Structure formats: structure tokens, C-alpha cells
Amino acid sequence: MSLRLGAIVDALGGELHGAHPDAEVARIAPLESAGEDALSFLSNPRYQAQLADSRAACVIVAPALREAALARGACIVAPDPYVYFARVTQLWARAHGQGPARGIHPSAVVHEEAQVHPTAWVGPLCVVERGAVIGAHTQLKSRVTVGERCVLGERCIVHPGVVIGADGFGFAHERGEWIKIEQLGAVRIGDDVEIGANTCIDRGALDDTVIEDGVKLDNLIQIAHNVHIGRHTAMAGCSAVAGSTRIGAHCTIAGAASIVGHLQLADNVHISTNTVVTHSISRPGQYTGVFPMDENAQWEKNAATLRQLHRLRERIRALEQKTQGG
Amino acid sequence: MSLRLGAIVDALGGELHGAHPDAEVARIAPLESAGEDALSFLSNPRYQAQLADSRAACVIVAPALREAALARGACIVAPDPYVYFARVTQLWARAHGQGPARGIHPSAVVHEEAQVHPTAWVGPLCVVERGAVIGAHTQLKSRVTVGERCVLGERCIVHPGVVIGADGFGFAHERGEWIKIEQLGAVRIGDDVEIGANTCIDRGALDDTVIEDGVKLDNLIQIAHNVHIGRHTAMAGCSAVAGSTRIGAHCTIAGAASIVGHLQLADNVHISTNTVVTHSISRPGQYTGVFPMDENAQWEKNAATLRQLHRLRERIRALEQKTQGG
Amino acid sequence: MSLRLGAIVDALGGELHGAHPDAEVARIAPLESAGEDALSFLSNPRYQAQLADSRAACVIVAPALREAALARGACIVAPDPYVYFARVTQLWARAHGQGPARGIHPSAVVHEEAQVHPTAWVGPLCVVERGAVIGAHTQLKSRVTVGERCVLGERCIVHPGVVIGADGFGFAHERGEWIKIEQLGAVRIGDDVEIGANTCIDRGALDDTVIEDGVKLDNLIQIAHNVHIGRHTAMAGCSAVAGSTRIGAHCTIAGAASIVGHLQLADNVHISTNTVVTHSISRPGQYTGVFPMDENAQWEKNAATLRQLHRLRERIRALEQKTQGG
């Protein structure tokens, strides 16, 4: 596996300096571990010190670092080296046969009333139920379930084990027992959505669960019924959104964060890892709520005190009154 | 898709007022978004103000709201409108061909020594292993695994990706290595249990893991070996129960809550979202332990102080002694 | 199902006292529930009181408890009764036909360029992609996906629903949209690794994700791209490790704990349940960060105060200055 440097700049733009276009790289690697056959990149100016020491055959750098890079060896100059690197990985994958497949694997179970676009791929052991729609160039990798009437847009990537359109968790309570509310809605997923392994997106109760264009979901995420996730929002692994919550566009939800039901999150809201969102958020910004980790013995003391925190506050108030009066 | 109002009251009881029984509804919708072709419901008296404004063709209401509803238009009066609504969704699903299937899909892999009731449904790409038992009217939707000797009762609904009867996580420790304890028990699941997508219920080590009648489990839940969950308990998505814990009947466990191993929870215990249950609970009630979310800068200050909380308490004590002595 | 006591000590060593080697046990059971046909074990000296009351046919005990055990009835004396018990469960499983299978189930989809060792087992409805390697005696139970070029060592056990080698979650950000970074690495898994149901291990971005020998992973775990987990580390259910984090050998990560990305954890680090690890840990030990659960009303008061904790600290400081000056 290798790629000509000239083929890279021909495809992606950028300026190649200090190397012949016919020079080849055999891999892509981080600066610190790159060998003499590797293309690397410097996206964060903080790591500029690593540049001089790198053995990489060629480094993608921003215009401001052109001279520093050339002092070391070959470089490709591009406005945003990280985005350029991302596009090189795409070029690499296509050049080495990891491009998208198309068609329906013979082991998949696709209902005759489902619509699968001829350019889409339904991989091994997938299930596509009645009335489901799989848009152009969308790929169901393997062992994916798309339930009845659920719709995926174009160029989506759905990883193994994903379940789209299982019933939302809805019950009425009657004399101590749960009466099932049949989930009559579906799931609607836009274009360019990626969904990680074993993630679940439930169908709506009456209306649909909606995932807008460009949303990226990592693995093992739970999206409950009637959730709405805005364009280009990204959610990391093991996060969860409870029923009927509406998340804005361009949000980021870090790993294992939870958002309770029936909330509204504005655009550009960023939730930190393991934070539990219990009320709506109308202002963009970073929000956090995590118990700080400590050595266990320290934690035990602090946690015990935490359980009396309200009383501590009252003792402070009493002290304040006493010293005021004294 | 439509349903006659007369067919609804014929099937479910309740009194139809202000509309001819032959009038039809084309959908079921929440009060605020219902159009003129929709049946809606008012279950929470707090939302009574929405009633007058709703365009719904017909609204399910409690007896106390009959007059208010009639002033607006047609209504069905029923003692518990939310339960009635739940039953209407069931009627709707049956009327529109979303009723339970029966039989074994040809792509499923069912061991010849498994017992599948003739009225049960084993959906596409399921695995049912040796000695497993699937009770009457139980539905394995698709891509479900039921392991050796595991038993499901009647009328259960098991969503895609569920794994029943994987090995519990049991090892002995010997000179820094883990020696596997073979998990010789199984899983026993009662009647009317629903299990959400990609949820896992492990087999017991020596005895069985037990899920009693009427339990409802949402998606991505982990039930470890030898857990026992009492009748009609409901657990929301991403919650987890560690080994050998016993949860009572009629409990609710909110999303992403965790219950550590070897505990006992009484009946009617309610655990809040993301709460970690670290000791047994003998009294019914609501239990909570969640770090409150804040803007990140605020959280940082408070979290830093929290790590010194025990020392703060000692400083308060010192102040109290000083002002006492003063 | 039964086993001769003599066959047990012949296979596993230990001394049988107080029973004829031809005596049989029909099950293995905990001390408190063991009937007269059961073999039991006493691994924790704290439970010695249960020994006298147990009805078990035979009890595995440590040498120090030989006399106490013999006063009650038959026993097997072994240096570590819990490890001995673990090996008995293995003997039991083999004797009763639960031993490992070998071959490829006809419903599995195995790429012609994958390498499956003749002693390995690829169970029903598994997917093994191009270039994947499955080592000797390794078992993929059912509905497991092993992605392109991913490698599993020998004697691994992989439970249903596991996804090895889905794409890591990597994107560059450009004008509000996410540009996919193709994940060009793979997953390398050592020998004697066990992976629980529906757990996900993502492929690396450029280098590989690595799971070393003897690691044990429970269910529903998320291992992100480029993570490295050291030998004989065990992780309990629903825990998660974010990208590029390196965990040492002989660590334990309790249930639902999260470790953020780009950290280093030393050997012999133990993380408590639901703890969020937000910085690297260089010293062995137990680390914890969990909000203590309380009755909801108590929690509400304490949580409200927690949001003002930094100001409380300032009030204490003010009081200290006042009383100092007084």
C-alpha cells in the first residue's frame, strides 16, 4: 500500500515542497512515531517542537509553518492541516479498496416493500423491514436492523449492531401493571449521518424520532423516542438522550453524558463527559457536572461530608450571625 | 389508515359524545399538534388549557372534564384517559397489520432441542440455543440471542440485538491471572416481560438469573448474573444491575442508574436518573445521587472545593469552638 | 448430570476426606442453599459460620479449615478453595457437553481471505471480514462481528453481539461540519481474552487498538480507537475508555466507570464503580468519585448547596479572618 505525493496534491490541493511528486509514502502516521516512509501532519502549533525531530517523509503543515517544515524536509502546505489529513485518509481508503460497497449481501433480510437505493449497501446479516427507505450511497455495515417505515438519507454510515426503530419505552400505569403504548411513529435520519456500533435509535410514540443532516453518533448510544437532534451535532460513546428531548445544531455531547427527557438544548451547547443534563439549556456554552475523582480514602471523607452539606451551610450561617452580633 | 370512533368504544368501552360512531380518525396525535383528522387525549389536568385550543377531531378525557371537552367538540369519556389511549394504540396497531407474527423466520438459527411455542415468533437472524424455551405469543423481533436452557414466558416482546444468557462475569484470581468460573446457571424470564434493544441479561453462575412477570426493560441495559428483578419493575435505558442484587416489585430505575452487586432493594423503591446505588434499601421512596450540572467555570470552582470538603468541615468546627470559647 | 468426587480430585488435585471417591454430586451450589446432593465451597473465612449449617454433600475448604469441615462431613482440602471451585466449574462444563465447539457455523459469513484456525469456532450469524485472523481454540459465540484485518489470539471467548473493529469516532471540523477521518488501523487482541455481550472495540485511526493477553471485558463496554489495555486487566459492565488512553496491567475498572481520552493509567490501578477518570494515574491504588446516594429530599438540599460550595468556602475564610482579628 502506498500513495504518490503528487497524487495527493492533485486530488486535494495544497502545495508540495521539498519532494518530487513521484515520491511515495507507504503509510500515514503521527509525527512522533512516523518512520521515513510515512506522511504525517502537524495540526496543533503546540506540537511544533515535534516537527524538527520527526522522521516522516513529508509533513502536512499550515502556511505559517512552511519555513520550519522545509528546514526539516518535505512538506505539503494546506490551510487546515487536520482537515487535509482527514481528506488524505479518505483518499487512502479509496485507493486501497476500502471504498463503499453497493448492493444487498445475500445473507441480509430485506423486506420486499423496503426501498434500498441501487447505490446503497446492505451488508451481511442486516434486517431491513417493511417500508424502510435506505438512501443513495448509504452503507449498513453488517448486523444492522432498520425497522418498519424508518428512513435513512444519503451517504449515511451505519456500523454493526445498530438498531434503528425499536419500540420507544412507553407504558401507561394501571393498578400496578404496565400497559404498552404501541409506538406508531418511526425514525427519520438525514443525510451524511454516521451511527456507531450497537447504538439504538427508538421509533417515536406518535410522531417520529428525528436525526438531522450531518449528525455523528458514536457507539452504544441510546436515543429514545421522539428525540430530535439538530444538524451537525456530535455525540460520543455511551451517551444517552431520554424521550422527547430536542437538541440543537452544532452541539457536542461528550462520552457517557445523559440528557433527561422533555428538555430543549439550544444550538452550540457543549456537554462535558458524564454530565447529567436535568434542565433545558438556552445559552450556548460548556456545561459540566462530574464528581471529581480522588484516592478512595479521600473520597470517602469528602463524600461523607457531602451528605451533611446542607447542615454545614446552616452552621456557617449560625457562625456568621454570632460573629455579627459579637 | 383510519379507525371508526364507534369501533374504538365498541372494543374498549368509554362513552362517545358529540360525534357519530361512523366518524373516522386518521391518526392519533398529542393535543397541541393534533389536526382535524386526529384522535387525541388529555391525561394530565395541568394541560386542560390546551383542550380548548386543540383542533383534534375527538379527545379522550376523564369524567370530570366531560363538559369542558364537549364545549369544544367530540370526546370519549373514560376513567383513565392515558390507559385508554394506550389501549387505543394497541387497537390501532392491530387494525393496521402491526400485530404479532408467529412462527420461525427461515433465517433464524433454532436448535432442534429448543422449544418454541407454535404461537411464538422467532424473527430474522435470531439464535435460539439448545434447551431454550420460548413461551406462547412471545416475540423475538430480530437478531436476538437466547442462550442454552434460558426460558422466556408468555407474551414477552424482545427487541433486536438482545442477548439473553451470555456468561456472567465470574473469575477467580490466581497469581495475577483470571481463572474462568463457568456459568452453569441460566436465565428465567416470566410472562409479559419487554426487553429493549441491545440489552443483555447474563446467565447465573450456579443458580439462575430471574426476571419476574411484567418487568419492562429499556435499551442497552446490563443485568448481571444472579440478579433477581421483582414483578412489574421498570428500568430505563442504559441502567445496570451488578451481580446477585435483588430488586423488589413495582420499582422504577431511571436511565443510566447503576446498582452495585449483592444488594437488596425493597418493593416500591424509585431510583433517580444516573444515581449509583451502593447500599441496600429497605424503605420505599425516591433515592437520588447526581452531581448537579452547571456552567463549566462554576463547576470547576465547586469541584475543586469539593475535594477539600472534609477540611472545610474541620475549619467550621474550629470556628465553632473559637466562637464558643469567645 | 453428576460428577464423582474421585474424578474431581483426580483431575484437579486436592485431598478428599470423609467421603468415598465413588460418591457423586449432582450440582455445585453456594453453602447456604446447597442440598445433600451438592458440592460447595468456603472461600471467605468470614463465612465459616455457614459451614456448620450447610447441608452440602462435600465442601471445598482451605487447609486451615480441614478440622472444622470434617466435623461437619466430607470435604476437599485445597490451597485456594475459590480457584479450586473455578476449576470444578470448568470440569463440570466439559463433563456435561458445554465444551468449546470448533468449525464455522453454516450461517456465519466469513470472508474467503479471513484466517480461522481449524480449532476455532465461528458461531451462528457471525461476520468475519477480509484479512481478519481468529486464533486457535478461540470461540465467537454467535452474532459477533470481527472487522477487516482485526486479529484475535488463542483461547479467546467472544460473546454474542460483540463488534470488533468498527470505525473509531474521528472527525475533523470544517465550517461547522464534520469531515470523516477514515480509520486505517485495526484491533489486535491477545490470548485468553474474554469479551462480554454487545461490547464494542473500535479500530485505531492510524495505529491499532490493542488488548493484551488475559484481559477480561464484561458486557456493553466501549473501547475507543487506539486504546491500549495491559495484561490481565478486568473491566466490568458498561465501563468505557475514550480514545488513545493506555491502561496498565492488572488493573480493575468497576462497572460504568469512564476513562477519558489520552490518559495513562499505571499497573495495578483500581477504579471504583461509576468513577470518571479525568487525569492520568501514576500510582497504584483505589480511586473513586461517586456522588453518594440519599433520599431524594436530602439530596436536593445538599445538591443545591453544592452549587454554592465555592462561596461557602469564601464565607468560611471571611469568618476565620474575623475571628482572627477579634
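Residues numbered from 1 in each chain as written. Chains lettered and ligands numbered in written order. Predicted model: local features only at pLDDT ≥ 70, side-chain atom pairs only at ≥ 80, totals over all residues. Heavy atoms only, no water.

- If you check an unreviewed UniProt entry, chain A appears there as UDP-3-O-acylglucosamine N-acyltransferase from Melaminivora alkalimesophila.
- Quoted verbatim from the Sequence similarities (unreviewed entry) field of the UniProt record, the comment on chain A reads "Belongs to the transferase hexapeptide repeat family. LpxD subfamily."
- UniProt annotates chain A under Pathway (unreviewed entry) with the comment "Bacterial outer membrane biogenesis; LPS lipid A biosynthesis." (UniProt positions renumbered as here; feature names shortened; annotations may be inferred.)

Brief notes about the relation of the copies chain B and chain C
Then, number 1: When chain B is fitted onto chain C, the two copies agree to an RMSD of 0.1 Å after a turn of 120° and an axial shift of 0.0 Å. Here the copies are linked by what is in effect a three-fold axis. Identified as the residue of chain B closest to the rotation axis by C-alpha distance is Phe291(B), at 3.6 Å. (Least-squares fit on C-alpha atoms with pLDDT ≥ 70 in both.)

Here's the deal with the environment of Cys238(A)
Then, number 1: With respect to the element layout, Cys238(A) can be found in the loop between β28 (234–235) and β29 (240–241).
Then, number 2: Linking Cys238(A) and Gln321(A), residues 83 residues apart in sequence, is a C-alpha distance of 48 Å. (Helix = DSSP H or I, 4+ residues; strand = E, 2+ residues; numbered from the N terminus.)

Points about the sheet that holds strand β37 (residues 294–295) of chain A
Then, number 1: Taken together, the 11 strands give an open sheet; going across it, the order is β37(A)-β36(C)-β34(C)-β31(C)-β28(C)-β25(C)-β22(C)-β17(C)-β14(C)-β11(C)-β8(C), and neighbouring strands pair in mixed fashion. The open sheet terminates on both sides in strands that have one partner only, identified here as β37 of chain A together with β8 (103–104) of chain C.
Then, number 2: Where strand β25 (residues 216–217) of chain C lies against strand β28 (residues 234–235) of chain C, 2 bridges are found, and the strand directions are parallel. Directly across from Lys216(C), in β28(C), lies its bridge partner Ala234(C). (Pairing = 2+ DSSP bridges.)

Some thoughts on the interface of chain B and chain C
Then, number 1: Contacts between the two partners involve 69 residues from chain B, matched on the other side by 67 residues from chain C.
Then, number 2: Both faces combined, the contact of chain B with chain C buries some 5,700 Å², and carbon together with sulfur accounts for 63% of it.
Then, number 3: Three residues stand out in chain B for area buried against chain C, namely Phe169(B), Trp178(B) and Leu206(B), and they jointly supply 12% of the buried area on that side.
Then, number 4: Across the salt bridge formed by Arg307(C) and Asp294(B), the nearest N and O atoms sit 3.1 Å from each other.
Then, number 5: The tally of links between chain B and chain C comes to 25 residue pairs in polar contact (both at pLDDT 80 or more).
Then, number 6: Of all the secondary structure elements, the ones that give two or more residues to the side of chain B that touches chain C are β18 (163–166), β19 (171–174), β20 (177–180), β23 (200–202), β35 (276–277), β36 (285–288), α5 (296–306) and α6 (309–325) of chain B.
Then, number 7: With 7 residues, α6(B) is the single largest residue contributor to the side of chain B that touches chain C.
Then, number 8: Among the residues forming the side of chain B that touches chain C, the class breakdown is 34 nonpolar, 19 polar and 16 charged.
Then, number 9: Alignment of β36(B) against strand β37 (residues 294–295) of chain C, held across 2 bridges, turns out to be antiparallel. (Contact = heavy atoms within 4.5 Å. Buried area = accessible area lost by both parts, 1.4 Å probe. Salt bridge = Lys/Arg side-chain N within 4 Å of Asp/Glu carboxyl O. Polar contact = N/O pair within 3.5 Å; in protein donor to acceptor, adjacent residues only side chain to side chain. Nonpolar A, V, L, I, M, F, W, Y, C, P; charged D, E, K, R; others polar.)

Some remarks on the pairing of strand β6 (residues 58–61) of chain B
All names here are of chain B.
Then, number 1: Neither face of β6 is exposed, since Cys 58 and Ile 60 on one face and Val 59 and Val 61 on the opposite face are all buried.
Then, number 2: Bridge analysis of strand β5 (residues 38–41) against β6 gives 3 bridges, and the strand direction is parallel. When the bridges of β6 are listed, Phe 41 appears paired with Ile 60.
Then, number 3: Note on the crossover from β5 through helix α2 (residues 48–53) to β6: the handedness is right-handed.
Then, number 4: In terms of strand pairing, β6 meets strand β7 (residues 74–77) through 4 bridges, oriented parallel. Looking at β7, one finds that Val 61 is bridged to Val 77. (Buried < 20%, exposed > 50% of the residue type's maximum accessible area, 1.4 Å probe, protein only. Right-handed = clockwise from strand over helix to strand, strands pointing away.)

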